[in-house]
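# Commentary on secondary and tertiary structure
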Amino acid sequence: MNVRIAAAVTCAALALAACSAPDAQETPEATLTATETEQAEPAPTETAEPTLAEEIAAQWPDEDWAPAESPALTMTAEEREELVMELAGEDPSAFTDVDLLGAGTDDEQTALAFAALADIAGAIPRVGRDAILVSMLLDSGETLENGDVFTADDAAAMLEYGWGICTDVEGGMDYAEAFGTRFVEALGLTFSAAFETDESATAEAERAATAALLGAMLAHLQCPQYADVATDALATMGEGQ
């Protein structure tokens, strides 16, 4: 074979082999390109945990729970405090320091203090209003006369009694009339409790009376849209009106 032909064939064979074999230079380039692509992708962002208020809003978008099933009743004292501070930006002690059981029927200052809370209640969701009320009863250190502490059942009864006033007014009844009717009923329960002779019956009657009384006096925090008329009703409740 001609030397030049042999050399040409050899070169052609080598060139063909080079085309069919993997290029040793391609792998680092491919790896580099993949690495650059990975680095160009944004780092995954951490999803913020939903707040307590957001979780409740997702579960109850219409805020249509029955008073005795309020989310505020199943929270711990710490969770209620966290919720109130989150929603209202307030120190919960502003609510829990109100002397609920020391309020007399002719205590205008107490009535005005309760009415002032409606400014905050009117600016936050229903669960926040419930949390304020429940905290004022359960987390304030208030007790019955015999020293017993209040329970979630007592707080549920308070919410139900106050909500009854709200629904009566929503149905067209005058607030003063709705409040007056319920307040007189609550006073009747208080008087009945005083005549109980059995200790356990007395405690049960006192719980029912306290829940009803506070429910009536604090109803305007559950429906703050009636705060103005509620203030007038509270201020005059000791005047027989």
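Residues numbered from 1 in each chain as written. Predicted model: local features only at pLDDT ≥ 70, side-chain atom pairs only at ≥ 80, totals over all residues. Heavy atoms only, no water.

### Re the overall build of the protein chain
If you tally the helices and strands in the protein chain, you get 13 helices and 0 strands. When the helices and strands of the protein chain are placed in sequence order, the string is α-α-α-α-α-α-α-α-α-α-α-α-α. Taken across its 241 residues, the protein chain has 36% of its residues classed as buried. Counting only contacts in the protein chain whose residues sit at least 6 apart along the sequence, the fraction spanning at least 24 positions is 73%. When the accessible surface of the protein chain is totalled, it reaches about 13,900 Å², and 54% of it is carbon and sulfur. (Helix = DSSP H or I, 4+ residues; strand = E, 2+ residues; numbered from the N terminus. Buried < 20%, exposed > 50% of the residue type's maximum accessible area, 1.4 Å probe, protein only. Contact = heavy atoms within 4.5 Å. Areas by Shrake-Rupley, 256 points an atom, 1.4 Å probe, with all protein chains shown as cover.)

### Some words on the state of the cysteines
By the definition in use, this model includes 1 disulfide. Between Cys166 and Cys223 runs a disulfide, and the two sulfur atoms are separated by 2.1 Å. Since a negative S-S torsion denotes a left-handed disulfide, the Cys166-Cys223 link at about -80° is left-handed. Pair noted here: Cys166 is in helix H9 (residues 152–170) and Cys223 is in the loop between helix H12 (219–222) and helix H13 (227–235), with a separation of 57 residues, a long-range link. (Disulfide = S-S within 2.5 Å.)

### Brief notes about the packing of aromatic side chains
Throughout the structure, instances matching the rule amount to 3 aromatic pairs. Judged by centre distance (5.7 Å) and plane angle (80°), the ring pair of Trp60 and Trp65 falls under edge-to-face. Across from the ring centre of Trp163, 4.1 Å away, lies the NZ or CZ of Arg126, which sits over that ring. Here the guanidinium or amino end of Arg182 rests over the ring plane of Tyr161, the centre of that ring lying 5.3 Å away. (Phe/Tyr/Trp six-rings, centres within 6.5 Å; stacked < 30°, edge-to-face > 60°. Lys NZ or Arg CZ within 6 Å of the ring centre and 35° of its normal.)

### What to know about the packing of H9 against helix H10 (residues 175–194)
As a packed pair, H9 and H10 sit with axes 9 Å apart at the nearest point and diverge in direction by 150°. Taken together, the axis directions place H9 and H10 in an arrangement best described as roughly antiparallel. The hand of the H9/H10 crossing is right-handed. Counted together, Tyr161, Gly164, Ile165, Asp168 and Val169 of H9 and Tyr175, Ala178, Phe179, Arg182, Glu185 and Ala186 of H10 form the full contact between these two elements. Among the residues forming the contact of H9 with H10, the class breakdown is 7 nonpolar, 1 polar and 3 charged. (Axes fitted to C-alpha atoms, helices over the stretch in contact; angles between N-to-C directions. Parallel < 35°, antiparallel > 145°, perpendicular 65-115°, else oblique. Left-handed = near helix turned anticlockwise from the far one by under 90°. Nonpolar A, V, L, I, M, F, W, Y, C, P; charged D, E, K, R; others polar.)

### Re the nonpolar core
Buried together is how nonpolar side chains tend to be arranged in soluble globular proteins. By size, the foremost hydrophobic cluster in this structure holds 32 residues, and its most contacted members are Leu83, Met158, Leu218 and Leu221. Sorting the residues of this core by element identifies helix H3 (52–59), helix H4 (71–74), helix H5 (77–88), helix H7 (108–121), helix H8 (126–138), H9 and helix H11 (199–217) as the ones contributing at least two each. Counting residues per element, this core draws most heavily on H8, at 7 residues. Among the nonpolar cores identified, the runner-up in size contains 18 residues, and Tyr175, Ala178, Phe183 and Ala233 belong to it. (Core = buried A, V, L, I, M, F, W, Y, C linked by side-chain atoms within 4.5 Å.)

### Let's talk about unusual backbone geometry
Peptide bonds are mostly trans, and most non-glycine residues show a negative phi. Not every positive phi belongs to a glycine, and Glu63 is a case in point at roughly 50°. If you trace the backbone, Glu63 turns up in the loop between H3 and H4.

### A short note on a negative patch on the surface
Together, Glu49, Glu54, Glu55, Glu78, Glu79, Glu81, Glu82 and Glu86 give the surface a local cluster of negative charge. For the negative patch, the secondary structure elements donating two or more residues are H3 and H5. A per-element tally of the negative patch places H5 first, with 5 residues. On the basis of relative accessibility, which here comes to 42%, the residue Glu55 falls in the partly exposed class. (Patch = residues over 30% accessible without salt bridge, like charges linked within 9 Å, V, L, I, M, F, W, Y side chains within 5 Å. Salt bridge = Lys/Arg side-chain N within 4 Å of Asp/Glu carboxyl O. Lys, Arg positive; Asp, Glu negative; His and termini not counted. Charge placed at Lys NZ, Arg CZ, Asp CG, Glu CD.)

Functional significance is not addressed by these values, which are geometric in nature.
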